[in-house]
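Letter by letter, the chains look like this.
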Amino acid sequence: MSSTAENAGVVPSPNIWHWPDVYETENRAQDTAGAIWRTLRAECDWTGLDVVDVGCGDGFHLPVFASSARSVLGVEPHPPLVERAVSRVAGLANVNVLAGSAQHIPLPDGSVDLVHARTAYFFGPGCEPGIAEALRVLRPGGALAVVDLDGSRPPYGKWLRADVPGYHPRRIEKFFTRLGFSLHRIETLWRFTDRESLVKVLSIEFSAKVAARAIADTAGLTIPVGYRLHVLRKSSGLLLP
């Protein structure tokens, strides 16, 4: 199921919107040991719960949530990706996909237990409307889990900072901490099956100059990549004086 996206205020993704097939390769190469999933489940176990994946892209992560969640909703603003996600989860009875954005999640107040956003929409200052919207749709005690790249961890973080001079990892961490999020650092390994795939992925992630540097810096088929998991829980009751 899908609907027309509310695209006002949406920042186009520089990679998956334009190269979804290459991004599929990237998704398959990421976190080969499952470190992100283990940390996420330890902090926000979604077994038997209702989950929203904001900025779900073409739905790559939806089946993982669906394997143990009560229900899963993928929300994505880019219509071609909505269509790809719908096709991916066609055989999963507990999964739905709708067009929407971080600022406009198509759900009523207090209707889900976990809002997940992975390297989508949430990059520190400026994402306050998305955080407010996530808290709106969460039930009391529910969690907003934001997974982003750790720009302080080499080598990927070094390339990211070179490509985006205004990107300041510590400033982003302070932003989330100030709002009450917990912080968990996660070390992962991207593993590619061949050199061509690695080159294609780095070429959609960075400008030509930085991509060339990243490719030259990477001798084999693996890249260590650091992530951060920020978790904010919605209050489960009244705060008494």
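Each remark here, short or long, concerns the structure printed above.
These figures come from a predicted structure and were not determined experimentally.

Draft legend 1. Region of interest: the overall build of the chain. Of regular secondary structure, the chain possesses nine helices and seven strands. By the compact-globule yardstick of 18 Å for 241 residues, the chain fits well, its C-alpha radius of gyration being 18 Å. The C-alpha extent of the chain, read off along each of the three principal axes, is 55 × 45 × 35 Å. Buried residues in the chain amount to 50% of all 241 residues.

Draft legend 2. Fine view of the packing of aromatic side chains. As enumerated under the stated definition, the model contains 10 aromatic pairs in all. Consider the rings of Trp37 and Phe65, whose centres lie 5.1 Å apart with planes at 75°: the pair is edge-to-face. With Trp37 in helix H2 (residues 35–43) and Phe65 in helix H3 (residues 62–66), this residue pair connects regions lying 28 residues apart in the sequence. With 4.9 Å between their ring centres and 75° between their planes, Phe176 and Phe181 make a pair best called edge-to-face. Per residue, the accessibility class of Phe176 equals that of Phe181, and both read buried. Among the aromatic residues, ring-to-ring pairing joins Tyr156, Trp159, Trp190, Phe192 and Phe206 into one connected group. Here the basic side chain of Arg118 rests over the ring of Trp37, its NZ or CZ set 4.4 Å away from the ring centre.

Draft legend 3. Representation of the environment of Phe65 in the model. Looking at Phe65, the relative accessible area reads 0%, which means it is buried. Along the sequence, Phe65 and Val97 sit 32 residues apart, while their C-alpha atoms lie 13 Å from each other. Other than its neighbours up to four places away in sequence, Phe65 contacts Trp37, Leu40, Trp46, Val51, Val72, Leu114 and His116.

Thresholds, definitions, all that
- Residues numbered from 1 in each chain as written.
- Predicted model: local features only at pLDDT ≥ 70, side-chain atom pairs only at ≥ 80, totals over all residues.
- Heavy atoms only, no water.
- Helix = DSSP H or I, 4+ residues; strand = E, 2+ residues; numbered from the N terminus.
- Rg over C-alpha atoms; globule rule 2.2 N^0.38 Å.
- Buried < 20%, exposed > 50% of the residue type's maximum accessible area, 1.4 Å probe, protein only.
- Phe/Tyr/Trp six-rings, centres within 6.5 Å; stacked < 30°, edge-to-face > 60°.
- Lys NZ or Arg CZ within 6 Å of the ring centre and 35° of its normal.
- Contact = heavy atoms within 4.5 Å.

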